[in-house]
Amino acid sequence: MTSLPSSIDVAIIGAGAAGLGAAHALKDAGVDILLLEARDRVGGRGYTVQAAPDVIFDVGCGWLHSADRNSFVPIAEQLHFEINRDLPPWRERAFGKAFPQKDRDEFIHALDDFFERLREAAKAGIDQPADRYLEAGNRWNPMIDAISTYINGCELGEVSILDFDAYEDTNVNWRVRRGYGALLAAYGAPLPIAFNCNVTLIDHSGKRLRIETSQGTLAADKVIVTVPTNLIADEAIRFFPALPAKLDAAAGLPLGLADKVTLLLAEPEALPKEGNLRGATMRREMGTYHLRPFGQPCIEGYFGGRYAQALEDAGDGAIAAASIDEIVSFLGNDFRRKLTPLRESRWAHDPFARGSYSHALPGHAGDRVVLAAPVDGRLFFAGEATSPDFFTTAHGARDSGERAAKEVLAAMGKG
Ligand SMILES: Cc1cc2nc3c(=O)[nH]c(=O)nc-3n(C[C@H](O)[C@H](O)[C@H](O)COP(=O)(O)OP(=O)(O)OC[C@H]3O[C@@H](n4cnc5c(N)ncnc54)[C@H](O)[C@@H]3O)c2cc1C
C-alpha cells in the first residue's frame, strides 16, 4: 500500500492488466510512477477467489486466449504459475442428451458458416451490424446470437462486422491452474499502487496535470488512463478541458456483459471432468456450463448480453438460481440437491467496471484508434478497448499498457 504523494512523473489510472503492463514497462525504464486504483485490490476485471476449500474460481477472465501469442504466457512461466494446455470444452466434450450429437453438428456447421459470411462481408470494408449476416429462417439463429453474447457480451445487432473481423483468434486457449486473477495479482505485487484511490478529474489546463482523487490531489507530468470505456463515456472520470473525441470513442465501444457463476457439485464423479453442457434450447436466453474445470467439484456457468443483464437486475443469487434450473432441466431433478451456489459475478453492477468487455457498435470500428491516441503528449490511453487486435482480453489490455508506456517514454525523450 502506497500513500498519495503530492507529485509524480507518471500517474497510471487503474491497476488492471493494462495499468500493470504500463507500470512494468516504465519501472524498467527508471521512471517514477504510481498506480492509482479505485478498488482495494489489483487486477480489475481479472479476479480469482477461493470459492470453496477445493474450488478456485475466476470471477472475470479465465482463459489465456490466443495463447501462442499471449504475453501473459511467458509472465506466468516466470512467476511459476502452472499452465494447463488442455483444449477448452466449447466445441468438443459435450455431455448429456440435452444437445444430441446430430443437432450439435448441425449447430456448429451453422455457426461456422455464419462466421465465414462475416469474414467475407468484412473484406468489402463497409461496416454493418453482424445480425444482417444471419441466414433468414435458420433455426439456429437464436443460439448463434447467444454465442455472440458470450464472445462480444452483446447480441449481434450491436456488433460491428469490421471490428469483429479485426480480432485475432489463434484458437489456442490455455489456463493457469491457480487462476488468471491470481496471476495478475502476482504480476502487480512489486508495483507502487495507491489503493482505494478513485480518480474523478484530470485537469490538463495548467503546466502540470492536476489529478483529483478520493485520497486528495496529485500533480503529474503524464498520465495513462486505463479505466473501462463505460466510465469514460459516463464521465465517472472527467477531463478539464473536456475531451469530446474521447467521450464519443468510448461511447462507440461500450462494455457488453458476461457473467459467471460457480456451483458446488456433490458426488462429482457422476459427471466428467472438463465437460461442456448446454441444451439445444433454440433460445437466446441460455447458459453454457463447464463441468468440473480442472477436475474440481463444481460447475461453472456463463451468461451474456441482455439475458445476463436481466439476471443481474433480478438481484443477488438470480444467476445461480437460473443455472440450477437449467442444469436440472438437462440432467434431471436429482441434480437440484447436488448443486449449491458458491459465487456469481455481477459485472454490470460493479461501479469500477460497469460491464465485462468492449465491442464496437456498428459504424464504430475506427473508435479503438481514436480512444488509444495520446493528447498533447501528456495524456495517454490504454485498456483492452484500445487494443487493435486483442480487444476484450487481458493480454490485449496488458500489451496496450506497454504500448502507452512506450509513447510516454518517447514523449519524455527516453524512447
Ligand atoms: C466474466 C468475464 C470473463 C472474461 N473472460 C476472459 C478470458 O477468458 N480471457 C481474457 O483474456 N479476458 C477475459 N475477460 C476480459 C478481461 O478480464 C479484460 O479485458 C481485462 O481484464 C481488462 O483489463 P483492463 O486493464 O483494460 O481493465 P480493468 O481490468 O477493468 O482495469 C481497470 C482498472 O481501473 C480501475 N478504475 C476504474 N475506474 C477508476 C477510477 N475512476 N479511478 C481509479 N481506478 C479506477 C478499476 O478498478 C480497474 O482495476 C473477461 C471479463 C469478464 C468480466
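Calculation criteria
- Residues numbered from 1 in each chain as written.
- Predicted model: local features only at pLDDT ≥ 70, side-chain atom pairs only at ≥ 80, totals over all residues.
- Heavy atoms only, no water.
- Core = buried A, V, L, I, M, F, W, Y, C linked by side-chain atoms within 4.5 Å.
- Buried < 20%, exposed > 50% of the residue type's maximum accessible area, 1.4 Å probe, protein only.
- Helix = DSSP H or I, 4+ residues; strand = E, 2+ residues; numbered from the N terminus.
- Pairing = 2+ DSSP bridges.
- Axes fitted to C-alpha atoms, helices over the stretch in contact; angles between N-to-C directions.
- Contact = heavy atoms within 4.5 Å.
- Polar contact = N/O pair within 3.5 Å; in protein donor to acceptor, adjacent residues only side chain to side chain.
- pLDDT = per-residue confidence, 0-100.

S.K.: Help me out: how do you make sense of the nonpolar core in this one?
M.R.: Soluble globular proteins: nonpolar side chains tend toward being buried together. One finds Ile12, Leu26, Leu64, Phe72 and Ile224 to be the most contacted residues of the largest nonpolar core, which totals 39 residues. Mapped by element, the contributors of at least two residues to this core are β1 (7-13), α1 (17-28), β2 (33-36), α2 (72-78), β7 (174-176), α6 (180-188) and α13 (394-411). Counting 30 residues, the second largest nonpolar core, distinct from the first, contains Cys197, Ile202, Ile237 and Leu371.

S.K.: In this structure, what is going on with the sheet that holds strand β17 (residues 298-304)? I would like to understand it.
M.R.: As a general point, the strands of a sheet are linked pairwise by backbone hydrogen bonds and lie either parallel or antiparallel. Spatially, β15-β16-β17-β14-β18 is the arrangement adopted by the 5 strands of the open sheet, whose pairing is antiparallel. Among the strands making up the open sheet, the edge pair consists of β15 (275-277) and β18 (339-344). Each strand of the sheet is rotated relative to its neighbour by a mean of 25 degrees, with strand direction disregarded. Against the sheet, helix α9 (residues 305-313) makes contact with β14 (258-265) and β17, and its axis sits at roughly 110 degrees relative to β17, the strand it touches most.

S.K.: Please clarify how the side chain of Asn70 should be interpreted in this entry.
M.R.: Relative to the helices and strands, Asn70 is located in the loop between β5 (63-64) and α2. Among the polar contacts made by the side chain of Asn70, one reaches the main-chain carbonyl oxygen of His65 at a distance of 3.0 Å. Leave out the neighbours within four places in its chain, and Asn70 touches Leu64, His65, Tyr180 and His395.

S.K.: What is the right way to look at the confidence of the model for the protein chain in this model?
M.R.: Regions with low pLDDT should not have their predicted coordinates read in detail. The share of residues in the protein chain with pLDDT of 70 or more is 99%, and the mean pLDDT across the chain is 96. Mean pLDDT per element in the protein chain: β15 is the minimum at 92, and strand β20 (residues 379-381) is the maximum at 99.

S.K.: I keep staring at the sheet that holds β5 and nothing clicks. Help me out?
M.R.: Within the open sheet, the 3 strands sit side by side as β5-β7-β6. Their pairing is antiparallel. Two strands bound the open sheet, and with one partner strand each, they are β5 and β6 (83-84). The pairing of β5 with β7 spans 2 bridges and is classified as antiparallel. Across the sheet, residue Trp63 finds its bridge partner in β7, namely Arg175.

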